[in-house]
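An overview of the molecular structure
This is what each chain is made of:
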Amino acid sequence: MTAMSIVAHSHAFVVGVDTHARNHVYAIITATTGELVDTRDFPTTGAGINRATAWVARRTGADLAVLWVIEGAASYGAILAGTVVTKGYSVVEAARMDAKSHHGVGKSDVLDAQRIARAVLPMQEKQLRRPRLNEGVRAALRVLVSARHSMTGERTRAVNGLTALVRVNELGLDARKALTGAQIAEVSRWREQDEELALSVARTEAVRLAKRIGDLDKDVAGNTQQITDLVKVSEAAPLLDVKGFGAITAATCLTVWSHQGRVHSEAAYASLAGVNPIPASSGNTVRHRLNRGGDRSLNSALHMVAITRMTHDEETREYVQKREAEGLSTKEIRRCIKRYLARRVYRIFNSQAEALIAG
C-alpha cells in the first residue's frame, strides 16, 4: 500500500458508520465495486460495539485490511473507534459531505452509513482524515470523573445530613452507628404520620434526603459503567490488569496524564502526583519526606491502589516487611510504593499511546 493508492484499490471492504447517542448504524460495502454487502444497527454500549465488530468480522471473512470510516470518531464514535483500533483495524474520520449529494435521493441512517463508506472510495490514502484517537475518550473521562466527584460529594453530604436528622429527632430509627443501605432505603419509604409539627417536618426532610441518596447511587452506578467502558478502549486499559487498579483510579491517572508529551518524564509525572521524594536530611540523618503538593486527585488514586496492594498483594507485603526492617515508617514505605506505581502508570500510558500512533 502506497500513499498514492486509492481506497478502492487498497482495501477489500469499507465499513461506514453513522453514529448516534443510542445506536450506531453500520454499512459494509465492497471497496472495488461499492456494492452493499450488509447493513445493520447496534447499541452504543460496550456489548453492542463488540457485537458489531464480530458481525463485521463474519461478513468480511475476518479481514483486518477492512477500513472503518466512522462519523464523529472523536465524539459519539470515540468508544467505537478505540475498540476497532484495539482489534487491529484501520480507522478514519468520515469525509465531509455536501448536502447536495443526496438531493432527490432521500436521507436515512442506513443511507447515510452507505454514503459515509462510499465517499472515501476514490480518495487517496494520504487524503484520509486520520483521527487523533482517544482525544474524545480522554475528554469524556475528564467530564465523567469530575461529575463523579460532584455526585459522591453530594451523596456524602446527604448521608451526613440524614444521619444528623435521625439522631437528633426521635423518628423510630436506630442511628447510633453509620446508616446502612437498607436503613436509607427504609427511610425513603416512610409515609406521613400523625405527629407534632417538628417531627413531621423532620420526617419529610429525612425521606427527601433518603430518596436523593438513592437517586445518586443510581447516577454513580451509571457513571461507573460509562467510565469502565471508556477506560477499556483508552491508554489506561492495561491498568485494569494491574493489581489494585480499578476503572475509577485508572481514569483519574489518565485524565491527569492527559496525552503523550504533556508530562515529559516519569519523574515529572511522579512530581505531578506528589509522590516524588523530597530530601529532608539533617546532620547524620538521611531521609526524605512526603510531598504535600501535586495533583491531589492523582495522589489519592495512587494512595488507594497502594493501600489495596499493601493489604492484598503478597509481593507488596514482602516489600513492606523488608523496608520496615530497614527502619522506614509506614508513611515512607507507602510513598515509595506510590512512586513505583506512578512510574508504572507513566510507562504504560506512553507505550499504549505509541502503539496507537503506530497503528
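Predicted model only: the values in this text are computed from it and were never measured.

Next up on the list: the overall build of the chain. Each helix and strand counted, the chain has 12 helices and seven strands in total. Within the chain, the fraction of its 359 residues that count as buried is 44%. Restricting to contacts in the chain with at least 6 residues of sequence separation, those with at least 24 account for 61%. Accessible surface computed for the chain: about 18800 Å², of which carbon and sulfur atoms make up 51%.

What the five strands build is an open sheet, ordered β3-β2-β1-β4-β5; its pairing is mixed. Each end of this open sheet is capped by a strand with a single partner; those strands are β3 (36-43) and β5 (90-93). The average angle at which neighbouring strand axes cross in this sheet is 20 degrees, direction not considered. Across the face of the sheet, helix α2 (residues 46-59) comes into contact with β1 (13-18), β2 (23-30), β3 and β4 (67-70) while running at roughly 165 degrees to β3.

Okay, the environment of Asn276 next. Topologically, Asn276 is positioned in the loop between α9 (266-273) and β6 (278-279). For Asn276, a relative accessible area of 18% gives the class buried. The spacing of Asn276 and Arg335 is 59 residues in sequence and 7.9 Å in space, taken between C-alpha atoms.

Let us look at the packing of helix α6 (residues 181-188) against helix α7 (residues 197-231). At a minimum axis separation of 7 Å, α6 and α7 run at an interaxial angle of 125 degrees. Relative to α7, the element α6 is oriented oblique. In the packing of α6 onto α7, the handedness of the crossing is left-handed. Across the interface between the two elements, Ile184, Val187 and Ser188 of α6 pack against Ala206, Val207, Ala210, Lys211 and Ile213 of α7.

Leu239, Phe245, Tyr269, Leu302 and Phe349 are the most contacted members of the largest nonpolar core, which totals 40 residues. Sort the elements by how many residues they give to this core and helix α12 (residues 330-358) lands first, with nine residues. The residues contacting Phe349, other than those within four sequence positions of it, are Glu235, Ala236, Leu239, Ala250, Cys253, Leu254, Trp257 and Tyr269. Listed in part, the 20 residues of the second largest apolar core include Ile28, Val56, Val66 and Trp68.

At Ala62, a residue that is not glycine, the phi angle is positive and equals roughly 55 degrees. Its place among the elements puts Ala62 in the loop between α2 and β4.

Side-chain pairing between opposite charges can occur once the charged atoms of the two side chains come close. Within this structure, the stated rule accounts for 14 salt bridges. One salt bridge connects Asp112 with Arg115, and the closest N-O pair in it is separated by 2.9 Å. Of this pair, Asp112 and Arg115 both sit in helix α4 (residues 109-118), three residues apart, which is roughly one turn of that helix. Asp112 gets classed as buried once you look at its relative accessible area, which sits at 11%. Between Arg155 and Asp217 there is a salt bridge, and its shortest N-O distance comes to 2.5 Å. Of the two residues, Arg155 is situated in helix α5 (residues 135-168) and Asp217 in helix α7; the sequence distance between them amounts to 62 residues. The exposure class of Arg155 is partly exposed, given its relative accessible area of 29%.

Across the eight residues of β2, seven count as buried, placing the element largely inside the fold. Where β1 hands over to β2, the hairpin turn is made up of four residues, counted between the paired strands. In this sheet, β3 lies alongside β2 in antiparallel orientation, the contact comprising seven bridges. The residue of β3 that forms the bridge with Val25 is Asp41. Once β2 ends, the chain turns through five residues before running back antiparallel as β3, passing Gly34 with a positive phi of about 75 degrees.

With that settled, consider the packing of aromatic side chains. Geometrically, a pair of aromatic rings is defined through the distance of the ring centres and the angle of the planes. Summed over the entire model, instances satisfying the criterion amount to six aromatic pairs. On the numbers, 5.2 Å between centres and 50 degrees between planes, the contact of Trp257 with Phe349 is tilted. Here Trp257 is found in helix α8 (residues 247-257), whereas its partner Phe349 is found in helix α12, with 92 residues between them in sequence. Accessibility classification places Trp257 together with Phe349 in one group, the buried group. A network of ring pairs unites the aromatic residues Tyr26, Phe42, Trp55, Trp68 and Tyr89 as a single cluster. One cation-aromatic arrangement involves Arg203 over Trp190; the distance from NZ or CZ to the ring centre is 4.8 Å.

Quick look at α9 now. Looking only at α9, the buried set comprises Glu266, Tyr269, Ala270 and Ala273. Along the long axis of α9, the arc covered by the buried residues comes to 100 degrees, so they all point the same way. Downstream of α9 by one or two residues, Gly274 has phi in the positive range, about 70 degrees.

A word on the packing of α9 against helix α10 (residues 296-312). Here α9 crosses α10 at 95 degrees, and the two axes come no closer than 7 Å. Taken as axis vectors, α9 and α10 run roughly perpendicular relative to one another. Side by side, α9 and α10 meet where Tyr269, Leu272 and Ala273 of the first sit next to Leu298, Asn299 and Leu302 of the second. Partitioned by chemical class, the residues of the contact of α9 with α10 number five nonpolar, one polar and no charged.

Scoring rules and cut-offs
Residues numbered from 1 in each chain as written. Predicted model: local features only at pLDDT ≥ 70, side-chain atom pairs only at ≥ 80, totals over all residues. Heavy atoms only, no water. Helix = DSSP H or I, 4+ residues; strand = E, 2+ residues; numbered from the N terminus. Buried < 20%, exposed > 50% of the residue type's maximum accessible area, 1.4 Å probe, protein only. Contact = heavy atoms within 4.5 Å. Areas by Shrake-Rupley, 256 points an atom, 1.4 Å probe, with all protein chains shown as cover. Pairing = 2+ DSSP bridges. Axes fitted to C-alpha atoms, helices over the stretch in contact; angles between N-to-C directions. Parallel < 35°, antiparallel > 145°, perpendicular 65-115°, else oblique. Left-handed = near helix turned anticlockwise from the far one by under 90°. Core = buried A, V, L, I, M, F, W, Y, C linked by side-chain atoms within 4.5 Å. Salt bridge = Lys/Arg side-chain N within 4 Å of Asp/Glu carboxyl O. Phe/Tyr/Trp six-rings, centres within 6.5 Å; stacked < 30°, edge-to-face > 60°. Lys NZ or Arg CZ within 6 Å of the ring centre and 35° of its normal. Arc of directions from axis to C-beta. Nonpolar A, V, L, I, M, F, W, Y, C, P; charged D, E, K, R; others polar.

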